[in-house]
Amino acid sequence: MRITKHEHAALTLEKQGRKLIIDPGSFTTPLPDTANVAALVITHEHPDHWTADHIDRLVAANPGLPIYAPEGVKNAAPGYDITVVAPGDTVDVEPFRLRFFGGRHAVIHESIPVIDNVGVLVDDTFYYPGDSYAPPKGHDVAVLAAPVGAPWLKIGDAMDFVLAVKPRQVFATHDMTLSVAGKEMGRARLKWSAEQHGGDLVVLEPGDALEL
């Protein structure tokens, strides 16, 4: 499986000639290749994780495209055919198997409502938590995409998340709110955390990919 990082939180996973797209939002430029997409996963309703423009491009290139998201996204995007998923659900969409975890967005502030959020485990090897630090309990993770910059995020929590998941490889995502120096600092903290259990950090810039 090939994992490509795009701007901010957007990801493309490729396997057997098919793609899985995750969280293309308002900080993400139009994806370069929208053919052969098996499914779209949106972890929650905030616009930095989905936009109508991104969905429209993907659906136009892939008629009948399955879209999986929590209830909050379905309510925020009533014009789209969205299949609601929740923690504990498993979905097979060839050639990918998706398992969903978590359920709630990390707290930003007591004045801001906490919304639905799901993390997604792909093929029992790759995990991305959306805007949360909910671990995929009971599963060993080969590659972890770990949020590193957000209004809700404290770097110590990001480090604890990597320590809890114990991935073999980790890369930083959800990072468009950071300066270059901020990204480097966050990556250094994730690297230390991964190394405590024998893992390592992979540095991915938008457009870079790794093979799993």
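Residues numbered from 1 in each chain as written. Predicted model: local features only at pLDDT ≥ 70, side-chain atom pairs only at ≥ 80, totals over all residues. Heavy atoms only, no water.

Student: Explain the nonpolar core to me, and be specific about the residues and the numbers.
Tutor: Leu13, Leu98 and Phe126 are the most contacted members of the largest nonpolar core, which totals 29 residues. Residue assignment for this core shows that the elements contributing at least two residues are strand S2 (11-15), strand S3 (18-22), strand S4 (37-41), strand S7 (90-93), strand S8 (96-104), strand S9 (116-122), strand S10 (126-128) and strand S11 (143-147). Once residues lying within four places of it in the same chain are set aside, the contact partners of phenylalanine 126 are Met1, Ile3, Leu11, Leu13, Ile22, Val120, Leu121, Val143, Ala145, Phe171 and Leu212. (Core = buried A, V, L, I, M, F, W, Y, C linked by side-chain atoms within 4.5 Å. Buried < 20%, exposed > 50% of the residue type's maximum accessible area, 1.4 Å probe, protein only. Helix = DSSP H or I, 4+ residues; strand = E, 2+ residues; numbered from the N terminus. Contact = heavy atoms within 4.5 Å.)

Student: Give me the packing of helix H3 (residues 155-165) against helix H4 (residues 180-195): which residues, what numbers.
Tutor: The geometry of H3 relative to H4 is characterised by a closest axis approach of 8 Å and an angle of 30 degrees between their N-to-C directions. The angle between H3 and H4 falls in the class roughly parallel. Note on packing geometry: the crossing formed by H3 with H4 is right-handed. Note on element contacts: H4 touches H3 through Gly186, Arg189, Leu190, Trp192, Ser193 and Ala194, opposite Ile155, Ala158, Met159, Val162 and Leu163. (Axes fitted to C-alpha atoms, helices over the stretch in contact; angles between N-to-C directions. Parallel < 35°, antiparallel > 145°, perpendicular 65-115°, else oblique. Left-handed = near helix turned anticlockwise from the far one by under 90°.)

Student: Tell me about the sheet that holds strand S14 (residues 209-211), and name the residues and values.
Tutor: An order of S6-S5-S4-S3-S2-S1-S14 is seen for the 7 strands of this open sheet, with the pairing classed as mixed. The open sheet is flanked by strand S6 (83-84) and S14, the only strands paired with a single partner. By the bridge criterion, 2 bridges tie S4 to strand S5 (residues 67-69) in an arrangement that is parallel. Note on S5: the bridge partner recorded for leucine 40 is isoleucine 67. The strands touched by helix H1 (residues 52-61) within the sheet are S3, S4 and S5, with S4 carrying the most contacts at an inclination of about 160 degrees. (Pairing = 2+ DSSP bridges.)

Student: For the pattern of salt bridges, give the residues involved together with the corresponding values.
Tutor: Inspection of every chain in the model, using the stated rule, returns 11 salt bridges. Note that aspartate 33 is salt-bridged to lysine 19, the shortest N-O span being 3.6 Å. Of the two residues, aspartate 33 sits in the loop between S3 and S4 while lysine 19 sits in strand S3, which places them 14 residues apart along the sequence. What makes aspartate 33 partly exposed here is its relative accessible area of 43%. The partner of arginine 97 in a salt bridge is aspartate 92, with the nearest N and O atoms 2.7 Å apart. Residue classification places arginine 97 among the partly exposed positions, given a relative accessible area of 34%. In the salt-bridge network here, residues are joined through shared partners; they are Glu184, Arg187 and Glu205. (Salt bridge = Lys/Arg side-chain N within 4 Å of Asp/Glu carboxyl O.)

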